[in-house]
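# Descriptive structure summary
Residues per chain, in single letters:
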Amino acid sequence: SMRSSVRWASSALMVAVVGLCATEVEAQWGSIKGTVAADGNLVPLDPLITKGDTAAKDSEICAAEMIPNESKIIDRDSRGLANVVIWVATKPAKIHPNLEKSAKGAVDVHQKGCRFIPHILSVRTDQIVNVFCNDGTAHNLHTWGRANRPLGILVPVNGGKFEVKYLKEKEKWPMKVTCDIHPRMEAYWVVLDHPYVAITNEKGDFEIADLPVGDHEIMVWHEKIGLVARSKVVIVKEGVNEIPPITATFQ
């Protein structure tokens, strides 16, 4: 009837208004802090290339310095594990106003001393990646995307630059990046459509700031292990939330 439809409409309006007020009140933010520690086989990996190794390809550049294996860096005292990626699995409905757009339109990667620096890069789908070749020998850039088409290009030597502009889709997992000319050159790019990601430092510590209050599923990944923690849900309250230590076990 007309009366019931009017009553329904007015109650719907009231719900909408209440919903709006609730949304304003609920827009609170918190950060998560934690540590990832290594367990199991803690034996360090040999360098990828030792200094002065004449057998290395383009050794005058690639063996000018020792190239460490960055896929297993464990702090001797704390067992903290570097280069672990922690991210929120799905883009939250609300993003902190300061983080809705990336502060910088581009992030930089350097091919230097036959290494990718940084070893793990966080890049958002609203950013481009500037890839610089700082070496006097040619490097290529080979991205192994799944959601984004793979790419293979030569980067001009001695300060040359290539702009990667096509990373418009989030990748489910960190994307491997290699140089086909120097097979030991490897890195990973974490391509996400939101800002809530962290990479552990050399002590295994990480922090993700300005998350909306509530439950979030976080992913924890390391290149030698894969998924470190399956379906880990954290409850974010206002302020700083210390989460229990995460263990990454090496076989």
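Attention in this report is confined to the structure presented alongside it. (Residues numbered from 1 in each chain as written. Predicted model: local features only at pLDDT ≥ 70, side-chain atom pairs only at ≥ 80, totals over all residues. Heavy atoms only, no water.)

## A short note on the nonpolar core
Condition: As used in this record, nonpolar core signifies buried Ala, Val, Leu, Ile, Met, Phe, Trp, Tyr and Cys residues forming a set joined through side-chain atoms within 4.5 Å. Buried, partly exposed and exposed residues are distinguished by accessible area as a fraction of the type maximum, computed with a 1.4 Å probe on protein chains only: under 20%, between the cut-offs, and over 50%, respectively. Numbered from the N terminus, helices here are DSSP runs of H or I no shorter than four residues, and strands are runs of E no shorter than two. Here, two residues are considered to be in contact whenever any of their heavy atoms come within 4.5 Å of each other.
Counting residues in hydrophobic clusters, the biggest one holds 28 residues, and the most contacted among them are V129, L141, V164, L167 and W189. Listing elements by their share of this core, those giving two or more residues are β3 (106-112), β5 (120-124), β6 (128-133), β8 (151-155), β10 (175-178) and β11 (186-192). Not counting chain neighbours up to four residues away, the residues in contact with V164 comprise I128, V129, V131, L141, L151 and W189. Within the second largest apolar cluster, 23 residues are counted, among which are V220, I246, A248 and F250.

## Description of the environment of I246
With respect to the helices and strands, I246 occurs in strand β17 (residues 246-250). Look at I246 and you get buried, because its relative accessible area is 4%. In contact with I246, other than residues within four places in its own chain, are T35, V36, A37, F206, V220, V228 and K232.

## Points about the state of the cysteines
Threshold: The disulfide definition used here is simple: a pair of cysteine sulfur atoms within 2.5 Å.
Per the stated rule, a full pass over the model turns up one disulfide. There is a disulfide in this structure between C62 and C114, and the S-S distance comes to 1.9 Å. With the S-S bond torsion at -65 degrees, the cross-link from C62 to C114 turns out left-handed. Here C114 lies in the loop between β3 and β4 (115-117) and C62 lies in helix α2 (residues 59-62), a separation of 52 residues in the sequence. C114 shares its class with C62; the two are buried.

## With respect to the pairing of strand β14 (residues 214-222)
The line we're drawing: Two strands qualify as a pair provided DSSP detects at least 2 bridges between them.
Bridge count between strand β2 (residues 85-88) and β14: four bridges; the pairing is antiparallel. Each residue of the ladder has a partner; that of V85, found in β14, is W221. Pairing of β14 with strand β15 (residues 226-236) involves eight bridges; the strand directions are antiparallel. Paired with E217 across the bridge in β15 is V233. Hairpin geometry of β14 and β15 is characterised by an intervening segment of three residues between the two adjacent antiparallel strands.

## What about the environment of D215?
With respect to the secondary-structure elements, D215 resides in strand β14. Given a relative accessible area of 57%, D215 falls into the exposed group. The spacing of D215 and V233 is 18 residues in sequence and 6.5 Å in space, taken between C-alpha atoms. Not counting residues up to four positions away in its chain, the partners in contact with D215 are V233, V234 and I235.

## Observations regarding the sheet that holds β15
For the record, the criterion: Axis lines are fitted to C-alpha atoms, over the contacting stretch for helices. Their N-to-C directions set the angle, which ranges from 0 to 180 degrees.
Overall, antiparallel pairing links the four strands, which are arranged β12-β2-β14-β15 in an open sheet. Two strands lie at the open edges of the sheet, namely β12 (197-199) and β15, each paired on one side alone. When strand polarity is set aside, the average angle formed by the axes of neighbouring strands in this sheet is 20 degrees. Relative to β12, β2 is paired through three bridges, and the arrangement is antiparallel.

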